[in-house]
Amino acid sequence: MRLSRYFLPVLKETPADAQIASHRLMLRAGMIKQSSAGIYSWLPLGFRVLKNIERIVHEEQQRAGHIPMLMPTLQPADLWRESDRYDAYGPEMLRIRDRHGRDMLYGPTNEEMITDIFRAHVGSYRELPLTLYHIQWKFRDEVRPRFGVMRGREFYMKDGYNFDISREDAMYAYDRHMVSYLRTYERLELKAIPMRADSGPIGGDDTHEFLVLAETGESEVFYDAAIADLSLGSRDIDYDDRAALRAICEEWTAPYARTDETHDPALFEALPEDRRRSSRGIEVGQIFYFGTKYSDAMGATVQGPDGKPVPVHMGSHGIGVSRLAGALIEASHDEKGIVWPEGVTPFHCGIVNLRQGDTDCDAACAQIEAGLIARGLDPLYHDRDERAGAKFATMDLIGLPWRITAGPRGVKEGKVELTSRRSGESEEMTVAAAIDRVAGIYGV
Ligand SMILES: Nc1ncnc2c1ncn2[C@@H]1O[C@H](COP(=O)(O)OP(=O)(O)OP(=O)(O)O)[C@@H](O)[C@H]1O
Ligand SMILES: [Mg+2]
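Quantities reported herein were computed from a predicted structural model and do not represent experimental measurements.

Moving on to the overall build of the protein. Per the secondary structure count, the protein includes 15 helices and 23 strands. In terms of overall size, the protein behaves like a compact globule, its C-alpha atoms giving a radius of gyration of 24 Å where 444 residues would be expected to give roughly 22 Å. With the C-alpha coordinates of the protein rotated into their principal frame, the extents come out at 80 × 60 × 40 Å. The contacts in the protein between residues at least 6 apart in sequence include a share of 74% that link residues at least 24 apart.

If you want it as structure tokens, here you go:
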């Protein structure tokens, strides 16, 4: 992509009403534009990041054996009357009446709809286990939408639902979700800690929230420092191996880690003092086991091995895909702008031409661009006629992890400069070496 043909409406001024870094930077970098309170357009740069996060979420869910689908945003109120949540959900639910006078709603979540699909098509325990998920827009009329996409009213969420014959099988689904979520956050280069949580309006027994530590997080968190050192790294995960999954979940849930809602000061105080940590966190996901709450209410039963109908055991599992875009920036930025991890960066590498219109510089940049594209990468070439300082500022603001700079002096000797956004360090090398190095970083 060439900047001269792209749509990147960066802002020079810091937006006054944006209180946290990620909100400010998403507006300044031309990633989002507010359309009304808590509702945003995802401009081209932001859209790329959102799609990259979504792709990683999809890959990790499917690796765990969960099946993607897509349910609508608008739902009939009658389904929610069956589960008794239509009145219980309160003013957060956006209620709509269609031209025939039918009550509809913009889905804040999909337990009812998925249970309706399940009961229409699944009749026997032999068709279980089953885990279906989708990534779809949700609407919750939050009292105080704020912090940009972090607490929106309309937001993009992955929500998955498991159907199992027993509590034991449903807990295996719970473990699959915990491990696949840990993997997802690790791929995003985020440290997200599972914390015992309260079940709230969804209702249930077992639930964990995943929190990314950040000063600007809305939740207060308390944890054992030992949990922050855990990582899956390159461990081979076999999702068919129940015992191995359980062991991973035990490893991650044994150290104390809770939000203010479930915090137990006595347990926390029992930790050695140097391991007690308290901070703030951003909730980027939550998993629930809620048993037969919806299957009982909505008649989702299957024929068990003895021929008798049994209500299915269910759980639901969500990841805040759009919130993650903000959380990633909270976790990775500096005074100049965003610093994207390689896995989600909107473009793999920036190209800066220090003398636009100079034959040699233009040729070098075109060669870098073509070379990166040939390796399957997406570069963003800053080919506008601007001062070097302004070009660097834009590139630093939008946070591409790598930048190749071509200037008249270097190009004469066949050299360009490769710069890491994270460390700020630069190295001179040939065009071919720079292309190879960047391709190597992305493993292509
Ligand atoms: N208003 C929102 N804007 C953006 N993301 C959200 C919003 N509400 C929830 N999410 C994301 O969706 C995930 C799953 O939804 P869930 O029902 O657990 O949310 P929640 O517990 O009500 O969130 P919160 O406590 O932050 O209001 C959350 O972990 C969060 O990452
Ligand atoms: Mg939650």
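Turning our eyes to something else, we now look at the site of ligand 1. If you check the shell around ligand 1, you find 15 residues, and the closest are Phe 155, Gln 286, Gly 318, Gly 320 and Arg 323. Breaking the shell around ligand 1 down by element, the ones donating at least two residues are β8 (154-164), β13 (276-291), β16 (313-320) and α11 (321-331). It is β13 that contributes the most residues to the shell around ligand 1, 4 residues altogether.

Summarising the sheet, strand β4 (residues 74-76) and strand β6 (residues 103-106) pair through 3 bridges and their orientation is antiparallel. Note on β6: the bridge partner recorded for Gln 75 is Leu 105. For strand β5 (residues 94-97) and β6, the ladder comprises 4 bridges, and the chain directions are antiparallel. Bridge pairing in β6 links Leu 94 to Tyr 106. Taken together, β5 and the strand that follows it, β6, pair antiparallel across an intervening segment of 5 residues, in which Gly 101 is found at a positive phi of about 80 degrees.

This part covers helix α15 (residues 431-441). By the burial criterion, the buried members of α15 are Ala 434, Ile 435 and Val 438. Down the axis of α15, the buried set is contained in an arc of 100 degrees. They therefore lie on one face. Where α15 is buried, its residues contact β19 (349-353), α12 (359-374), β21 (402-406), β22 (415-420) and β23 (426-430). Just downstream of α15, Gly 443 is the residue with a positive phi angle, here 65 degrees.

This part takes up the packing of α12 against α15. Their axes nearest at 10 Å, the elements α12 and α15 cross at an angle of 30 degrees. When the axes of α12 and α15 are compared, the pair comes out roughly parallel. Both α12 and α15 take part in a crossing whose hand is right-handed. Along the contact surface, α12 presents Ala 364, Gln 367, Ile 368, Gly 371 and Leu 372, while α15 presents Val 431, Ala 434, Ile 435 and Val 438. Classifying every residue of the contact of α12 with α15 by side-chain character gives 7 nonpolar, 2 polar and no charged.

Basis of the calculations
- Here the residue numbering is sequential within each chain, running from 1 through the sequence in written order.
- Chains and ligands are labelled by the order in which they are written, letters from A for the one and numbers from 1 for the other.
- Predicted model: local features are reported for residues with pLDDT of at least 70 only, side-chain atom pairs are reported and counted for 80 or more only, and whole-chain, interface and lining totals are derived from all residues.
- Helix and strand labels come from DSSP, where a helix needs a run of H or I of at least four residues and a strand needs a run of E of at least two; each type is numbered from the N terminus.
- As defined in this context, the radius of gyration uses C-alpha atoms, and a globule is described by 2.2 Å times the residue total to the power 0.38.
- In this description, a residue-residue contact is defined by the distance between C-beta atoms placed from the backbone, which must lie within 7 Å.
- Nearness here is judged by the C-beta atom: place it from the backbone, and if it falls within 6 Å of a molecule or strand, the residue counts as near that partner.
- When DSSP finds two or more bridges between a pair of strands, those strands are recorded as paired.
- Exposure criterion: with C-beta atoms placed from backbone coordinates, a residue whose C-beta has 20 or more other C-beta atoms within 10 Å is buried, one with 12 or fewer is exposed, and one in between is partly exposed.
- This arc is built from the directions going out from the helix axis to the C-beta atoms.
- Angles run from 0 to 180 degrees between N-to-C directions of axes, and those axes are lines fitted to C-alpha atoms, restricted for helices to the stretch in contact.
- By definition in this entry, angles of less than 35 degrees are roughly parallel, angles greater than 145 are roughly antiparallel, angles of 65 to 115 are roughly perpendicular, and the rest are oblique.
- By convention the crossing between two helices is left-handed if the near helix lies anticlockwise of the far one by an angle smaller than a right angle, and right-handed if it lies clockwise.
- Residues were grouped as follows: Ala, Val, Leu, Ile, Met, Phe, Trp, Tyr, Cys and Pro as nonpolar; Asp, Glu, Lys and Arg as charged; and all remaining residues, including Gly, as polar.

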